[in-house]
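Here is how the chains run, residue by residue.
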Amino acid sequence: MSSTTVTPERSGFSLSEYIVCLNGIVWREALRFLHQRERFVSALVRPLVWLFIFAAGFRQVLGISIIPPYETYILYEVYIAPGLMAMIQLFNGMQSSLSMVYDREMGNMRTLLVSPLPRGYLLFCKLLAGTAVSLLQVYAFLVIAWFWDIAPPTIGYLTVLPALVLSGLMLGALGMLISASIKQLENFAGVMNFVIFPMFFASSALYPLWRVQEGSPMLYYVCQCNPFTHAVELIRFALYGKMNWVSLAVVGGCTVVFMIGAILAYDPSRGLVRRGPGGGEA
């Protein structure tokens, strides 16, 4: 009488398999970043132009009074430094979404999304990888700014790290959500112009909100509702070892909403990304 050995079915994935997936996606983004050196240079050129050129011209026009988290009068370039840090993350988030559109158009996205691992986890790994790249760019900017006498407290370089991670996740998730609605690479630039510039200029990145309120109360409320404003303020306070709880709540909440939206948008059964005739992502 023969006995048949029944192998129990395996359910779920082990922790090591999740880690291997995370390492693979992060290394892929890191290698792509290293091979695109012009991306690193361009990420620094934009904020440095504002810091070295525009700040010099606006310094006498836009005086900054004593407002939290500052305890004394500051120069204009010191004020805009946190906004320029968030600017780097904003452009990096949109750049990451561009790479997703490119991968989908070239068919590389299909290799990632057919993995048996949960799609939400794959997208979150992609988001973490993009955030890690933005952190390198931001700290490179801080090193250059230090030579320009923009030197926050030494502990600020450490306390700002969690704020940069959270703001990077929020802006990366927003870019990921937008990328799901862009069908062709040619449409990317037009869509980004309606996202990047309104978010950046309608915020506290370049000027304090009390000055905006003096000029236009309506624009002031628009800036208050802008998630990018709260990302800037979260970074600004953290850079000086302080916490803005309202901004923390807004950035954290928007991160969750944008990430859930991106996961749903990349779900072929219900989102914006549909399956093509060959079974791939369309």
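Cut-off values and rules
Residues numbered from 1 in each chain as written. Predicted model: local features only at pLDDT ≥ 70, side-chain atom pairs only at ≥ 80, totals over all residues. Heavy atoms only, no water. UniProt positions renumbered as here; feature names shortened; annotations may be inferred. Helix = DSSP H or I, 4+ residues; strand = E, 2+ residues; numbered from the N terminus. Expected span 1.5 Å × (residues − 1). Bend = angle between axes of the 7 residues up to and from the residue. Core = buried A, V, L, I, M, F, W, Y, C linked by side-chain atoms within 4.5 Å. Buried < 20%, exposed > 50% of the residue type's maximum accessible area, 1.4 Å probe, protein only. Contact = heavy atoms within 4.5 Å. Phe/Tyr/Trp six-rings, centres within 6.5 Å; stacked < 30°, edge-to-face > 60°. 1 Å grid on protein atoms, 1.4 Å probe; cavity = no way out; pocket = protein on both sides within 12 Å on 5 of 7 lines; lining within 4 Å. Points joined across faces, edges and corners; volume = space filled by probe spheres on them.

For the protein chain, an unreviewed UniProt entry supplies the name Transport permease protein and the organism Bradyrhizobium septentrionale. The UniProt entry for the protein chain carries the following text under Sequence similarities (unreviewed entry): "Belongs to the ABC-2 integral membrane protein family."

**Student:** Report on helix α6 (residues 156–179), specifying residues and quantitative values.
**Tutor:** Spanning 24 residues, α6 covers 33 Å between terminal C-alpha atoms, matching the ideal 34 Å at 1.5 Å per step. The sharpest bend along α6 reaches about 30° and sits at P162.

**Student:** Describe the nonpolar core, and please don't skip the residues or the numbers.
**Tutor:** Counting 64 residues, the largest nonpolar core has M85, L90, M94, F141, M176, F200 and F228 as the members making the most contacts within it. Of all the elements in the fold, those that place two or more residues in this core are α2 (37–58), α3 (76–106), α5 (119–146), α6, α8 (196–201), α11 (227–239) and α12 (245–265). Ignoring anything within four residues of it in the chain, the contact list for F200 reads W50, G83, M87, L90, A205, L206 and F228. In terms of nonpolar packing, the next biggest core, distinct from the first, is built from six residues, C21, I25, C125 and A129 among them.

**Student:** Please set out the packing of aromatic side chains residue by residue, giving values where relevant.
**Tutor:** Considering all chains together, one arrives at ten aromatic pairs under this definition. Here F197 and F201 contribute two aromatic rings whose centre-to-centre distance is 6.3 Å and whose plane-to-plane angle is 15°, an arrangement assigned as stacked. Of this pair, F197 and F201 both sit in helix α8, four residues apart, which is roughly one turn of the helix. Owing to a relative accessible area of 39%, F197 belongs among the partly exposed residues under this scheme.

**Student:** Tell me about the UniProt feature "transmembrane region" (unreviewed entry) in the protein chain, residues and numbers included.
**Tutor:** Here, the residues flagged by UniProt with the feature "transmembrane region" (unreviewed entry) are residues 43–67, 79–102, 123–148, 154–178, 190–210 and 245–266. Secondary structure content for residues 245–266 is 95% helix and 0% strand, and the end C-alpha separation is 32 Å.

**Student:** Kindly report on empty space enclosed by the protein, identifying the contributing residues and their values.
**Tutor:** Following the criterion strictly, the structure yields two cavities of 30 Å³ or more and no others. There is about 100 Å³ of room inside the largest cavity. Mapped by element, the contributors of at least two residues to the lining of the largest cavity are α3, α5 and α6. Per element, the largest residue contribution to the lining of the largest cavity is six residues, and it comes from α3.

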